[in-house]
Amino acid sequence: MDEIQKRLIKCFQIVFPDLPDAEIPTASQSSVPAWDSVAAITLLNVIEDEFQITMDLEMAADLDSFRRIEEFLQDQLSAV
Amino acid sequence: MTISEALEIIRAKPPDPQQSYEVALACSFTPLHLQTFLTAYLRLRKPALNFSIKPGTFGDLAGSIEAAVSNDSLQAIAIALEWQDLDSRLGYREAGNWGPSLETVILESADAALRRIGAAIERALDTLPVAISLPTLPFPPAFQAVAGQVNESELVLRQQVAAFAARLATKPNLSVLNSDWLAEESPLGSRLDLKSDLLIGSPYTLRHAAAVGSGLARLLTPAQPLKGIITDLDDTFWNGLVGEVGPDAVRWDSASPYQLHGLYQKTLCALADEGVLVAIASKNDAAVVDEAFRRPDLLIPASKIFPIEVHWAPKSESIARILKAWNISADAVAFVDDTPLELAEAASAHPGIHCLRFPARDYAGVLALLKEIRDLFAKCGVNRRVTDEDRLRLHSLRSGAEFSKQAEAGGSRDFLRDIEARLAFDFDVSLANPRILELVNKTNQFNLNGIRVTAAEWQKKLSRRAAFLFAVKYEDRFGRLGTIAVIQGHQAHCGIEVETWVMSCRAFSRRIEHQCLKLLFERFQVPCIEFQFAATRKNGPARDFFAGFLDAPPKSTFSIARDRFESVCPPLYHQVEHLTGVNING
């Protein structure tokens, strides 16, 4: 597990405390009932905190799974 | 606090998940992070309580407050008022026109909105504590004005809101968030997140949501104010060493930088007038200090200071004597001195005491100190008014010292017979009397069980069927102590059950507690009384009193039979007055 994945898992643990750790890497908006629009924005803010980046609110709709967010972060952080 | 930290705090389980505390959050926007930060700050301030926040209806602030009033499970309301609540066109999401057409109607519509919100808040204040932040966001560019100029309509709207808040702020249950404090925490220019407002209806930036959440949490969970302040003299109370320069040469006048000491004296005087105890602990020659205290230009008269401990012994010993005279614990007291060594010595000898350094000649430092002192001693919420008892406190402590001296000299029995003690039992206590709840929530020593109650919980106890409540006032030839005890309970099948019994430590050694028990038996004509006792770290005096009627000190709920009471009760000499008849619900 690389560093970005570890830190992203931490973000998910903060926003979705009831989600079992084993299910986080496969989590998506459709598989996690608590992942509503409020949680989606909170998740973006927590990721901003953790990775010290700025994320656009409009991304919330596209970043709808752990895998997609991880890909986005890999792109963003490798570009720095 | 970051959003991640706030969520971590919320995720941690409170020690007792049963102790739930529900707060309504009334705001007309998506509460999102404000809700998160409010919850987190409430948890930080009261870790034992399981806070849950109930948001209201989007776009309907007054309706949310009205709904909260009829929700029995709520214990407080937090309100975040914004300009859009006065007229939705003052927000960014509303399609209505800006400009002259809005200016012509805005004042009338804002007035009507404030009336409805005010009426809802007034209903809420009957039963619940309410904290409100007044509009915190900048006005939208709805009215014409060049940059830097304020539009007339904006001025009138601000005036309307100020008048609305000033009227409500007279109610004891309401606390208004200080906009100056908020400006220090959250600068005006970084409060609005327009994109978040337009996309999801949440206008606060994270930083601003954290600041408003923190402020509202402070108002809803005020800390117990400290009760006494002990101050050093040289280079603290005044500039200079009085033993070196003489009583006439120590200064606090307006010639800079000595005025900082004058401001400190003025603060002490204001605290004394508000019922805070002020004492002096100084290493000095007592005769020299006595002469300095005769100066007419002192900004706090010596009569407002008690005791004055001036000698060459360690200050920790002076503090011990002052705490004994005041009969309060170190954690209810602040000690102010300019010398770090003296502060360290006091802190080591009196764990829990609040040690504050007086930073002589440091203007910003002294201002920060004065603000900190104000914060530590400020009453908030329902108990913020200065009561008669506050004003009586110093006098009753002085007379209490005289009482103790004469009691020791004269022998307790004869002495009590001659002090002309008068007790008044008031069975018709006003629920709006802040002294009652204040006594219940700050008395430690003679306290049946140490349970603290919110205004809503207190109201609930008293509205129960067969509930009773009475307050006790006391005076003797040494002076008036005012309201010194509160007893609350309810009638049960075969007697009465006492749930709350507190008595001020200033009233000890006068057999007032015996007279209260006698009154309970006589008034209710019951063969026994049950007491919902629980031992606390500090309620030894209550436990010792009850142990006199039992075979051993009580550990939990117990009963006292009337026969037992009458066989043990010592002679009572009080003249007793019943202010009204017994007032029992139902």
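Computed from a predicted structure; not experimentally measured.

Quick notes on the rules
- Residues numbered from 1 in each chain as written.
- Chains lettered and ligands numbered in written order.
- Predicted model: local features only at pLDDT ≥ 70, side-chain atom pairs only at ≥ 80, totals over all residues.
- Heavy atoms only, no water.
- Helix = DSSP H or I, 4+ residues; strand = E, 2+ residues; numbered from the N terminus.
- Buried < 20%, exposed > 50% of the residue type's maximum accessible area, 1.4 Å probe, protein only.
- Areas by Shrake-Rupley, 256 points an atom, 1.4 Å probe, with all protein chains shown as cover.
- pLDDT = per-residue confidence, 0-100.
- Contact = heavy atoms within 4.5 Å.
- Buried area = accessible area lost by both parts, 1.4 Å probe.
- Salt bridge = Lys/Arg side-chain N within 4 Å of Asp/Glu carboxyl O.
- Nonpolar A, V, L, I, M, F, W, Y, C, P; charged D, E, K, R; others polar.
- Core = buried A, V, L, I, M, F, W, Y, C linked by side-chain atoms within 4.5 Å.
- Pairing = 2+ DSSP bridges.
- Axes fitted to C-alpha atoms, helices over the stretch in contact; angles between N-to-C directions.
- Domains from an automatic or database assignment.
- Polar contact = N/O pair within 3.5 Å; in protein donor to acceptor, adjacent residues only side chain to side chain.
- Parallel < 35°, antiparallel > 145°, perpendicular 65-115°, else oblique.
- Left-handed = near helix turned anticlockwise from the far one by under 90°.

**Things to note about the overall build of chain B**
Phase 1 of the analysis: Secondary structure assignment for chain B yields 21 helices and 18 strands.
Phase 2 of the analysis: Over its C-alpha atoms, taken along the principal directions, chain B stretches across nearly 85 × 75 × 45 Å.
Phase 3 of the analysis: A buried classification covers 51% of the 586 residues belonging to chain B.
Phase 4 of the analysis: If you sum the accessible surface of chain B, you get close to 25,600 Å²; carbon and sulfur atoms cover 52% of it.

**Section: the confidence of the model for chain A**
Phase 1 of the analysis: Looking at chain A, the pLDDT average stands at 89 and 96% of residues meet or exceed 70.
Phase 2 of the analysis: The element-level mean pLDDT for chain A is lowest in helix 3 (residues 66–79) of chain A, coming to 88, with helix 1 (residues 3–15) of chain A highest at 92.

**What about unusual backbone geometry?**
All names here are of chain B.
Phase 1 of the analysis: Going from F306 to P307, the amide bond is cis rather than trans, its omega being -5°.
Phase 2 of the analysis: On the secondary structure map, P307 appears in the loop between helix 11 (286–292) and strand 8 (308–311).
Phase 3 of the analysis: The backbone of R361 sits at a positive phi, close to 70°, despite the residue not being glycine.
Phase 4 of the analysis: Locating R361 in the fold gives a position in the loop between strand 10 (354–357) and helix 14 (363–377).
Phase 5 of the analysis: The phi dihedral of Q525 falls on the positive side, at around 50°, and the residue is not glycine.

**Regarding the interface of chain A and chain B**
Phase 1 of the analysis: Taken together, the 13 residues of chain A in the interface contact 13 residues of chain B.
Phase 2 of the analysis: The junction of chain A with chain B conceals about 1,200 Å² of combined surface from both sides, 70% of it contributed by carbon and sulfur atoms.
Phase 3 of the analysis: The three residues of chain A that bury the most area against chain B are I14, D49 and L57 of chain A, which together make up 40% of that side's buried surface.
Phase 4 of the analysis: Taken together, the links from chain A to chain B amount to 2 salt bridges.
Phase 5 of the analysis: For K195 of chain B, the salt bridge is made with E58 of chain A, and the minimal N-O distance between the two is 3.1 Å.
Phase 6 of the analysis: Of all the secondary-structure elements, those providing two or more residues to the side of chain A that touches chain B are helix 1 and helix 2 (37–51) of chain A.
Phase 7 of the analysis: A class-by-class count of the residues in the side of chain A that touches chain B yields 7 nonpolar, 3 polar and 3 charged.

**Side note on the nonpolar core**
In a soluble, globular protein the nonpolar side chains are often hidden away together inside.
Phase 1 of the analysis: Residues F12 and I47 of chain A are the most contacted members of the largest nonpolar core, which totals 61 residues.
Phase 2 of the analysis: Discounting residues that sit within four places of it in the chain, I47 of chain A has contacts with L8, C11, Q52, I53, M55, I69 and L73 of chain A.

**Overview of the sheet that holds strand 10 of chain B**
Residues and elements named next belong to chain B.
Phase 1 of the analysis: Pairing is parallel across the open sheet formed by 5 strands, whose spatial order is 8-7-6-9-10. At either margin of the open sheet sits one strand with a lone partner, and together these are strand 8 and strand 10. Direction aside, neighbouring strands of the sheet carry axes that sit 15° apart on average.
Phase 2 of the analysis: Pairing analysis gives 4 bridges linking strand 7 (residues 277–283) to strand 8, with the strands arranged parallel. Directly across from A281, in strand 8, lies its bridge partner E309.
Phase 3 of the analysis: Contacting strand 6 (228–231), strand 7 and strand 9 (333–337), helix 10 (residues 259–273) runs over the sheet at an angle of about 150° to strand 6.

**Here we look at the domain arrangement of chain B**
Residues and elements named next belong to chain B.
Phase 1 of the analysis: Per the domain assignment, the segments of chain B are domain 1 (3–220), domain 2 (228–378) and domain 3 (388–578).
Phase 2 of the analysis: Computed over C-alpha atoms only, the centres of domain 1 and domain 3 are separated by 42 Å.
Phase 3 of the analysis: Contact with domain 1, which involves 7 residues of that partner, is made by 6 residues of domain 3.
Phase 4 of the analysis: Where domain 1 abuts domain 3, roughly 470 Å² becomes buried across the two surfaces, and 55% of that area is made up of carbon and sulfur atoms.
Phase 5 of the analysis: Joining domain 1 to domain 3, the criterion identifies 0 salt bridges.
Phase 6 of the analysis: Where domain 1 packs against domain 3, one counts 1 residue pair in polar contact (both at pLDDT 80 or more).
Phase 7 of the analysis: A breakdown of the residues in the side of domain 1 that touches domain 3 according to their chemical character gives 2 nonpolar, 3 polar and 2 charged.

**Here's the deal with the packing of helix 10 of chain B against helix 14 of chain B**
Residues and elements named next belong to chain B.
Phase 1 of the analysis: It is at 10 Å that the axes of helix 10 and helix 14 come closest, and there the two elements cross at 5°. Judged on the interaxial angle alone, helix 14 and helix 10 are roughly parallel. Along its contact with helix 10, which presents L260, L263, Y264, T267, A270 and L271, the element helix 14 presents Y363, V366, L370, I373, R374 and F377.
Phase 2 of the analysis: Partitioning the contact of helix 10 with helix 14 into residue classes produces 10 nonpolar, 1 polar and 1 charged.

**With respect to the pattern of salt bridges**
All names here are of chain B.
Phase 1 of the analysis: Under the defined criterion, the tally for this structure stands at 33 salt bridges over all chains.
Phase 2 of the analysis: The partner of K538 in a salt bridge is D331, and the shortest N-O contact between them spans 3.4 Å. One end of the pair, K538, is in the loop between strand 16 (528–531) and helix 20 (540–547); the other, D331, is in the loop between helix 12 (315–326) and strand 9, with 207 residues separating them in the sequence.
Phase 3 of the analysis: One salt bridge connects K518 with E522, and the closest N-O pair in it is separated by 3.5 Å.

**With respect to the packing of helix 12 of chain B against helix 13 (residues 340–349) of chain B**
Residues and elements named next belong to chain B.
Phase 1 of the analysis: Contact pair helix 12 / helix 13: the axes reach a minimum separation of 8 Å and the direction vectors enclose 50°. As summarised for this structure, helix 12 and helix 13 are arranged oblique, according to the angle between their axes. Seen from above, helix 12 lies across helix 13 with right-handed handedness. For the pair helix 12 and helix 13, contact is made by K315, S316 and I319 and by E342, E345, A346 and A349, respectively.
Phase 2 of the analysis: Broken down by class, the residue content of the contact of helix 12 with helix 13 amounts to 3 nonpolar, 1 polar and 3 charged.

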